[in-house]
Amino acid sequence: MRWTEKGKLNIKAADLALLSNPTFRGKPWAKVSSWVRTENNYPPIPSAVFFALLSASKETNPKMLWMRYRRLLEVSNNSENYYHQHTIKAHGKTRQVSQPKYPLEHYQRWILKHILEKAPTTEYTFAYKKGTSLVDNARVHLGNQVLVKLDISHFFDSITIGMVYDIFANQMLYPREGATLLTNLCCLNGKLPQGACTSPYLSNLCFTKADNEIAEYCKEKNLSYSRYSDDMTFSGNQIDVKDLISFVKQTLKKYGFQLNYKKIHVDGKGRQHRVTGIVCNEKINTPVDYRKQVRQEMYYLKKHGVVDHLKHLNNSEFVGDNGSPDVDSYYSSLLGRIAYILQVTPGNKEFAEYCEYVKECMDKEEKRNALLKRIEMGLW
């Protein structure tokens, strides 16, 4: 599908008539649904005016609804004006993030909650889904002798506006105007923006056909398959790696994606198997070096105290604006790493004790900061 100016929406006389009709203003979905025939469980959005009515269901003032409707069309037709662009650094690389501004952010949150999260995703994907985690993704490959990890190149950027329209029009069965509106609100410059709350869930939906096709291949070859965003993992006791890579490459190409040849990783028997950072050879665990690092930090924290420990650590991440150690940030970071270990291995008594110790330290630091603030204000 080629998108041009035809993808823009205009004000319709029928929509204006609905906005001026008190029968449909402030009505809950059930009553609107009874008037608009739908074939699925998604909220009825045959046109832009219904999106305005549903996303502002408590609004009964016709003038306010008229303003909301006009603003909705303005945002839909000019979504590029409602993003804030900024760059973030992660793992030594920079990437562009498009952060939606109000009211686009409000529309996207409504779409995510009331539409996208109702859409089923495949059992093979574990990212961006409630009730699933990195641990669940790794558990799929527990105990297998060979592990193959592949990566999808520029995953989000590969998802085009046409793919998103297909989700709303053909999977969710929205009429053309409704599907066009939803697509415009979720896309930026013809693709899926990184930074919009709707993008992660849409990425899973757009990859559904590829997921199912790859899973069928894996069933035939007696392989386990899982995907966490752009990370694809395969495991089994025997794997024809060349055939697997060739099949995945062709399947990705078929659905508009590309394989990242720089991130092909194969681990055989006797090697440590890590899936999205979690070890899954004989049992689920965090890497030994990760736990060793936390143990070491806990030892020095207890022995020297947090201030001297941070001076020795000499990490710019935990230095405040005035050059003094940023104790609060360090405690939060350390607690987060301990919590991650406990998430992977919930019954680990050693790290459960570390968790309680750090929480006590944080509580003491909070009381100390409160006391210093009272002294500065002359209340002590």
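Data block above holds the structure.
Rules used in this analysis
Residues numbered from 1 in each chain as written. Predicted model: local features only at pLDDT ≥ 70, side-chain atom pairs only at ≥ 80, totals over all residues. Heavy atoms only, no water. Helix = DSSP H or I, 4+ residues; strand = E, 2+ residues; numbered from the N terminus. Buried < 20%, exposed > 50% of the residue type's maximum accessible area, 1.4 Å probe, protein only. Contact = heavy atoms within 4.5 Å. Areas by Shrake-Rupley, 256 points an atom, 1.4 Å probe, with all protein chains shown as cover. Lys, Arg positive; Asp, Glu negative; His and termini not counted. Charge placed at Lys NZ, Arg CZ, Asp CG, Glu CD. Polar contact = N/O pair within 3.5 Å; in protein donor to acceptor, adjacent residues only side chain to side chain. Arc of directions from axis to C-beta. Pairing = 2+ DSSP bridges. Core = buried A, V, L, I, M, F, W, Y, C linked by side-chain atoms within 4.5 Å. 1 Å grid on protein atoms, 1.4 Å probe; cavity = no way out; pocket = protein on both sides within 12 Å on 5 of 7 lines; lining within 4 Å. Points joined across faces, edges and corners; volume = space filled by probe spheres on them. Nonpolar A, V, L, I, M, F, W, Y, C, P; charged D, E, K, R; others polar. Salt bridge = Lys/Arg side-chain N within 4 Å of Asp/Glu carboxyl O. Phe/Tyr/Trp six-rings, centres within 6.5 Å; stacked < 30°, edge-to-face > 60°. Lys NZ or Arg CZ within 6 Å of the ring centre and 35° of its normal.

**Side note on the overall build of the protein chain**
When helices and strands are counted, the protein chain shows 15 helices and nine strands. With the C-alpha coordinates aligned to their principal axes, the bounding extent of the protein chain is approximately 75 × 75 × 35 Å. A total of 380 residues make up the protein chain; the buried ones form 45% of that total. Residue pairs at least 24 apart in sequence account for 69% of intrachain contacts in the protein chain once pairs closer than 6 positions are excluded. Surface accessibility of the protein chain: about 21,100 Å² in total, with carbon and sulfur atoms responsible for 50%. With 54 positive and 39 negative side-chain charges, the protein chain shows a separation of 3 Å between the mean positions of the two kinds.

**Regarding the side chain of Ser98**
Within the secondary structure, Ser98 sits in strand S2 (residues 93-100). With a relative accessible area of 8%, Ser98 lands in the buried category. Within the local environment of Ser98, its side chain forms a polar contact with the side chain of Gln85, the two groups lying 2.8 Å apart. Setting aside chain neighbours within four positions, we find Ser98 in contact with Tyr83, His84, Gln85, Leu188, Pro193, Gln194, Gly195 and Ala196.

**Examining helix H13 (residues 306-313)**
Working note: α-helix, 3.6 residues per turn, so residues spaced by three or four point in the same direction. Looking only at H13, the buried set comprises Val306, His309 and Leu310. Looking down the long axis of H13, one finds its buried residues gathered within 95° of arc, a one-sided arrangement. The exposed set on the far side of H13, more than 90 degrees from its buried face, consists of Lys311 and His312. The inward-facing, buried residues of H13 contact helix H12 (288-304) and helix H14 (327-344).

**A short note on the pairing of strand S4 (residues 224-228)**
Summarising the sheet, S4 and strand S5 (residues 231-236) pair through five bridges and their orientation is antiparallel. When the bridges of S5 are listed, Tyr225 appears paired with Phe234. Linking S4 to S5, which pair antiparallel, is a turn of two residues; within it Ser229 sits at a positive phi near 60°.

**Details of the nonpolar core**
If you look at the biggest cluster of nonpolar residues, it comprises 74 residues, and the most contacted ones within it are Phe51, Ile111, Ile115, Phe168, Met172, Met232 and Phe234. Counting residues in hydrophobic clusters, the runner-up holds 19 residues, among them Leu301, Leu334, Ile338 and Ile341.

**With respect to empty space enclosed by the protein**
The final tally for this structure, using the stated rule, is one cavity of 30 Å³ or more. Computed from the structure, the largest cavity encloses a volume of approximately 50 Å³. Lining the largest cavity, in full, are Phe51, Ala52, Ser55, Arg68, Arg71, Leu72, His106 and Tyr107. Its residues assigned to classes, the lining of the largest cavity comprises four nonpolar, two polar and two charged.

**What to know about the pattern of salt bridges**
With the rule as written, the count across this model stands at 13 salt bridges. With a shortest N-O distance of 3.6 Å, Lys191 and Asp157 are connected by a salt bridge. With Lys191 in the loop between helix H8 (176-186) and helix H9 (199-206) and Asp157 in the loop between strand S3 (146-153) and helix H7 (161-171), this pair connects stretches of sequence that are 34 residues apart. The salt bridge partner of Arg295 is Glu350, with a shortest N-O separation of 2.6 Å. With Arg295 in helix H12 and Glu350 in helix H15 (residues 349-376), this residue pair connects regions lying 55 residues apart in the sequence.

**A word on the environment of Met377**
Note on placement: Met377 falls in the segment after H15. A relative accessible area of 54% means that Met377 is categorised as exposed.

**Points about the packing of aromatic side chains**
Applying the stated criterion across every chain, the model contains 17 aromatic pairs. The interplanar angle of 40° and the centroid separation of 6.4 Å between the aromatic rings of Tyr42 and Tyr174 together place this pair among those described as tilted. Pair noted here: Tyr42 is in the loop between helix H2 (29-35) and helix H3 (48-55) and Tyr174 is in the loop between H7 and H8, with a separation of 132 residues, a long-range link. Assigned by exposure class, Tyr42 and Tyr174 land together as buried. Measuring from centroid to centroid gives 4.2 Å for Tyr217 and Phe247, while their planes differ by 15°, and the two rings are stacked. Of the two residues, Tyr217 sits in helix H10 (residues 208-220) while Phe247 sits in helix H11 (residues 241-254), which places them 30 residues apart along the sequence. The exposure class of Phe247 is partly exposed, given its relative accessible area of 23%. Over the aromatic face of Tyr357 sits the side chain of Lys302, whose NZ or CZ is 5.1 Å from the ring centroid.

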